[in-house]
Amino acid sequence: YIVPELLDALNKNEAERQRLLDDLTADREAMNLLLGEKAELQTIVNEARPKVSYYDMILQNPQTMPVTLIAKDYGFSAVSFNRLLKDNHIQYKVGKTWALYQDYADEGYTHYNVYRRGKKAVSHMVWTQKGRLFLYDFLKQKGIIPRIETDQARN
């Protein structure tokens, strides 16, 4: 809106009128650019929404997973996946049980299930959903991604 005093001043001053028109044009172009960026960002958010929901669901899931199931996501056997984690100094073997190196031990990535095998109590490490996400992020930095992502990239 232009107040009457400003309108009178603009009518008397061509240079000021041109400056104001240039400012308004620049503002309109900036607004159109921002509206375009907003539309692009909204598209990205809409595409990411299902992934974010899945991510939240995974992290809230209290269930644990044996390494065999996680390994299958990447196309590995449990043995080769455990070796990969060992080679990357995430875990090491204590007797017949895997344990995390101290850098990762207190992060809530794993849990131990204890069960009886004959007269012995056997401890078996399983991964929490938080641990599964840690493995995903760690391995992705190494260029190792789950098979579902490589399948999607091919399509």
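What counts, and where the lines are drawn
- Residues numbered from 1 in each chain as written.
- Predicted model: local features only at pLDDT ≥ 70, side-chain atom pairs only at ≥ 80, totals over all residues.
- Heavy atoms only, no water.
- Buried < 20%, exposed > 50% of the residue type's maximum accessible area, 1.4 Å probe, protein only.
- Helix = DSSP H or I, 4+ residues; strand = E, 2+ residues; numbered from the N terminus.
- Pairing = 2+ DSSP bridges.
- Phe/Tyr/Trp six-rings, centres within 6.5 Å; stacked < 30°, edge-to-face > 60°.
- Patch = residues over 30% accessible without salt bridge, like charges linked within 9 Å, V, L, I, M, F, W, Y side chains within 5 Å.
- Areas by Shrake-Rupley, 256 points an atom, 1.4 Å probe, with all protein chains shown as cover.
- Salt bridge = Lys/Arg side-chain N within 4 Å of Asp/Glu carboxyl O.
- Lys, Arg positive; Asp, Glu negative; His and termini not counted.
- Charge placed at Lys NZ, Arg CZ, Asp CG, Glu CD.
- pLDDT = per-residue confidence, 0-100.
- Polar contact = N/O pair within 3.5 Å; in protein donor to acceptor, adjacent residues only side chain to side chain.
- Contact = heavy atoms within 4.5 Å.
- Core = buried A, V, L, I, M, F, W, Y, C linked by side-chain atoms within 4.5 Å.

(A) A look at the pairing of strand β2 (residues 97-100). Neither face of β2 is exposed, since T97 and A99 on one face and W98 and L100 on the opposite face are all buried. As paired elements, strand β1 (residues 91-94) and β2 share 4 bridges and run antiparallel to each other. Paired with K93 across the bridge in β2 is W98. Hairpin connection between β1 and β2: a loop of 2 residues separates the two successive antiparallel strands, and G95 in this loop has a positive phi of roughly 65°.

(B) Representation of the packing of aromatic side chains within the structure. Tallied over the entire structure, the rule returns 6 aromatic pairs. A ring pair is formed by Y92 and Y101, whose centres lie 4.8 Å apart and whose planes are at 50°; its orientation type is tilted. Assessed through its relative accessible area of 32%, Y92 is described here as partly exposed. In textbook terms, an aromatic cluster arises when at least three aromatic residues are bridged by ring pairs, as seen for Y104, Y109, F134 and F138.

(C) Structural detail: a positive patch on the surface. Taken together, the side chains of K93, K96, R117 and K120 present a region of like positive charge at the surface. Judged by its relative accessible area of 62%, K120 is exposed.

(D) Representation of the confidence of the model for the chain. Confidence along the chain averages 88 in pLDDT terms, with 90% of residues attaining 70 or more. Mean pLDDT values over the elements of the chain span from 69, in helix α7 (residues 147-154), up to 97, in helix α4 (residues 78-87).

(E) How the structure looks around the side chain of T97. As for its position among the elements, T97 is in strand β2. On the accessibility criterion, T97 (18% relative accessible area) is buried. Among the polar contacts made by the side chain of T97, one reaches the main-chain carbonyl oxygen of S123 at a distance of 3.1 Å. Filtering out sequence-adjacent residues up to four positions away, T97 remains in contact with Y92, Y112 and S123.

(F) Region of interest: the nonpolar core. Judged by nonpolar contacts, the single largest core of 21 residues is most densely connected at F81, I90, W127 and L135. Discounting residues that sit within four places of it in the chain, W127 has contacts with T64, M65, V67, I70, L85, I90, Q91, L100, Y109, T110 and L135.

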